[in-house]
Amino acid sequence: MLRVTVLGSGSRGNAILVDGTDGALLVDAGFGVRTLAKRLALAGRRPEEIGALLLTHEHTDHASGAAAARTRWGWPAYASAGTIAALDAGTNSSAGDDVPPAAWRAFAATGETAVGGFSVATTGVPHDARDCRALVLTDVRSGARVGIAMDVGRVPDALPAAFDRLDLLVVESNHDEQMLARGPYPWSLKQRISGGLGHLSNGAAAAFASGCAHPGLRGVLLTHLSETNNVPAMAIARTREALRRAGWTREALYAASQGTPLAPLATTGEAGWPVRAHQLGLAL
Ligand SMILES: [Zn+2]
Ligand SMILES: [Zn+2]
């Protein structure tokens, strides 16, 4: 069993709940503890059910609630050694203040890290953070795998192989190229976002997702959509078209939003198991 619930995603905060057969993990904690608790409650869950926190990188929209959440709920927390160093150095003071470095556990330098009932493999991705990682979480009991690629400037050579034969794919689809180019952001910010250390465009996300397409892929979630430079329907249409061209014709393709949790996308990893997802219709 593997189930992914995006509690919220975008430049103002990211958190993704992953349920496996033997426990639950939270990937990123870019919301304060009150908001995290509230969004978990909307998903019918309690913070005490989270077995561990994994961070993709130290940026505020992924880590701002990490320290307080650890203090409040005692979650073991994992990140790359570079992310831990960045938090420790106060690069992101709101995340690093209260947690001594020893409280963080580094992902294994090579191979996989056992966390709860999961095996976690990480791949370094280009982004303007110290050591940003894409994650593949394997539910050890069922073998089902979810790949999560949040902030990615460009897809590195190693990522397609790491994301081979996933059951669920979570990938950022940050901006529409034209909307960003013509939009209100200053030139320097446009360069940062579209550059190799920024974020994946809808086109880049579509190309990457189509490369991940295979008959066993049960569902795709698009995350980190810009509220200024993107429209969910456009992001979905772009990836839908690329997936169809790659021969993937399932319906389970959704875009997460900043303000509202996306109801679970689930799979057992077995053919024929229903996949479900819908937007939880509750404003926050
Ligand atoms: Zn980032
Ligand atoms: Zn981000």
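Residues numbered from 1 in each chain as written. Chains lettered and ligands numbered in written order. Predicted model: local features only at pLDDT ≥ 70, side-chain atom pairs only at ≥ 80, totals over all residues. Heavy atoms only, no water.

Undergrad: Requested: an account of the overall build of the protein, with residues and values cited.
TA: What the protein contains, in helices and strands, is ten helices and 14 strands. Burial analysis of the protein (284 residues in total) assigns 56% to the buried set. In the protein, once contacts between residues fewer than 6 apart in sequence are set aside, the share between residues at least 24 apart is 67%. Total accessible area computed for the protein in this model is approximately 11,300 Å², and 53% of it derives from carbon and sulfur atoms. (Helix = DSSP H or I, 4+ residues; strand = E, 2+ residues; numbered from the N terminus. Buried < 20%, exposed > 50% of the residue type's maximum accessible area, 1.4 Å probe, protein only. Contact = heavy atoms within 4.5 Å. Areas by Shrake-Rupley, 256 points an atom, 1.4 Å probe, with all protein chains shown as cover.)

Undergrad: Now, about the coordination of the zinc ion (ligand 2): what can you tell me, with residues and values included?
TA: On the protein side, the zinc ion (ligand 2) has Asp61 (OD), His62 (NE2), Asp151 (OD) and His224 (NE2) as donor atoms, found 2.1 to 2.2 Å from it. If you look at the zinc ion (ligand 2), its four donor atoms make angles of 91 to 155° with each other, and the shape they trace is irregular. Here the zinc ion (ligand 2) and the zinc ion (ligand 1) are spaced 3.6 Å apart, linked through aspartate 151, which binds each one. (Donors = N, O, S within 2.8 Å, 3.2 Å for Na, K, Ca; no water. Tetrahedral: all angles 85-135°; square planar, octahedral: opposite > 155°, others 65-115°.)

Undergrad: Lay out the sheet that holds strand E11 (residues 168-172) with the relevant residues and their values.
TA: In space, the seven strands of this open sheet follow the order E7-E8-E9-E10-E11-E12-E13, with mixed pairing throughout. In this open sheet, the two edge strands, each paired with only one partner strand, are strand E7 (113-115) and strand E13 (253-255). Across the sheet, the mean angle from the axis of one strand to that of its neighbour is 20°, orientation sign disregarded. Bridge count between E11 and strand E12 (residues 219-223): five bridges; the pairing is parallel. Its bridge partner lying in E12, leucine 168 is registered against glycine 219. Those strands touched by helix H10 (residues 232-245) are E12 and E13, and its axis lies near 155° from that of E13. (Pairing = 2+ DSSP bridges. Axes fitted to C-alpha atoms, helices over the stretch in contact; angles between N-to-C directions.)

Undergrad: Tell me about the pattern of salt bridges, residues and numbers included.
TA: A complete count under the given rule lists twelve salt bridges for this structure. The residue arginine 3 makes a salt bridge to aspartate 19 at a minimum N-O spacing of 3.5 Å. Note that arginine 3 is positioned in strand E1 (residues 2-8) and aspartate 19 in strand E2 (residues 15-20), a separation of 16 residues in sequence. Residue glutamate 227 pairs with arginine 12 through a salt bridge whose shortest N-O separation is 2.8 Å. Highlighted residues: glutamate 227 in the loop between E12 and H10 and arginine 12 in the loop between E1 and E2, separated in sequence by 215 residues. With relative accessibility at 52%, the residue glutamate 227 sits in the exposed group. (Salt bridge = Lys/Arg side-chain N within 4 Å of Asp/Glu carboxyl O.)

Undergrad: Lay out the coordination of the zinc ion (ligand 1) in plain terms, naming residues and giving numbers.
TA: Looking at the zinc ion (ligand 1), one finds its protein donor set to be His57 (NE2), His59 (ND1), His127 (NE2) and Asp151 (OD), positioned 2.1 to 2.3 Å from the metal centre. Here the zinc ion (ligand 1) binds four donor atoms, and the angle range of 91 to 166° at the metal identifies the geometry as irregular. Mapped onto the polypeptide sequence, the residues donating to the zinc ion (ligand 1) form the spacing pattern H-x1-H-x67-H-x23-D. Note on histidine 57: relative accessible area 0%, which makes it buried.

Undergrad: Quick one: what's the story with the side chain of glutamine 258, residue by residue and with numbers?
TA: As for its position among the elements, glutamine 258 is in the loop between E13 and strand E14 (265-267). What makes glutamine 258 buried here is its relative accessible area of 5%. Here the side chain of glutamine 258 touches glycine 13 through a polar contact of 3.0 Å, landing on its backbone oxygen. (Polar contact = N/O pair within 3.5 Å; in protein donor to acceptor, adjacent residues only side chain to side chain.)

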